[in-house]
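What the coordinates show
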Amino acid sequence: MSVNSGDSTGTVDVVLVKAGRTKICYPAELLHDDGDRITVRAPWAGDTPRDFGFVRFEQGDVFTEFYWRDRWYAVKEVRAADGTLKGWYCDVTRPATLTGGRLVVEDLDLDLWRSADGSDVLRLDEDEFAESGLAERDPEAAAAAVSALDTLEALAREGGGFGTLLS
């Protein structure tokens, strides 16, 4: 599969890179690729549940993940095993690349959570971002990351949440 593939079915390996190392790699079903946005679906990839305090990811959860080749973020719709929407977990990342069945995304530490009912919109890991040194190493990327988080927060606080972005 090329970087600008129009292919819209099959499987891919989602590779999340952080600080130059692979943080996690997992298989996902490729649902759609229109050349700009890539949509995949995968079960929770963790070996054990992860409780963030505001949401718990666990076996049986299903993530429908939206990545862009020209945007500095990814949006993941999270549903429980019974199909109940838990919310959206958003990663601030460099734009995604899809090559040879590998969807590679570089995590830039900043995250955002929006609960299913919209009552919680939380900016996450700003301390990790500050400690990462990205602002000193790559000021343009750091500015793009902060702008992406601001954009995600604005979308999350809109009445429809991420509906217009993901439709």
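Definitions and limits used
- Residues numbered from 1 in each chain as written.
- Predicted model: local features only at pLDDT ≥ 70, side-chain atom pairs only at ≥ 80, totals over all residues.
- Heavy atoms only, no water.
- Helix = DSSP H or I, 4+ residues; strand = E, 2+ residues; numbered from the N terminus.
- Contact = heavy atoms within 4.5 Å.
- Polar contact = N/O pair within 3.5 Å; in protein donor to acceptor, adjacent residues only side chain to side chain.
- Pairing = 2+ DSSP bridges.
- Phe/Tyr/Trp six-rings, centres within 6.5 Å; stacked < 30°, edge-to-face > 60°.

1. Remarks on the environment of R37
Within the element layout of this structure, R37 appears in strand β3 (residues 37-43). Excluding residues that lie within four positions of it along the chain, R37 makes contacts with H32, F66, Y67, W68, L165, L166 and S167. A polar side-chain atom of R37 sits 3.2 Å from the main-chain carbonyl oxygen of L165. Only 3.1 Å separates the side chain of R37 from the backbone oxygen of L166, close enough to count as a polar contact.

2. A few points about the pairing of strand β1 (residues 11-18)
Looking along a regular strand, one sees side chains alternate from face to face of the sheet. Where β1 and strand β2 (residues 21-33) come together, eight bridges link them in antiparallel fashion. Opposite V15, over in β2, you have C25 as the bridge partner. In this antiparallel pair of consecutive strands, β1 and β2, the connection spans two residues, and A19 shows a positive phi of 55°. With five bridges connecting them, β1 and strand β10 (residues 102-115) associate as parallel partners. Looking at the pairing, D13 lines up with R102 of β10.

3. With respect to the packing of aromatic side chains
On inspection of all chains with the given rule, the structure shows 11 aromatic pairs. Seen in terms of ring centroids, W44 and F57 are 5.4 Å apart; in terms of plane orientation they differ by 50°. Their pairing is tilted. Here F57 lies in strand β5 (residues 56-57) and W44 lies in the loop between β3 and β4 (50-51), a separation of 13 residues in the sequence. Three or more aromatic residues link up through ring pairs in this structure, and these residues are W44, F52, F54, F57, F63, Y89 and W113.

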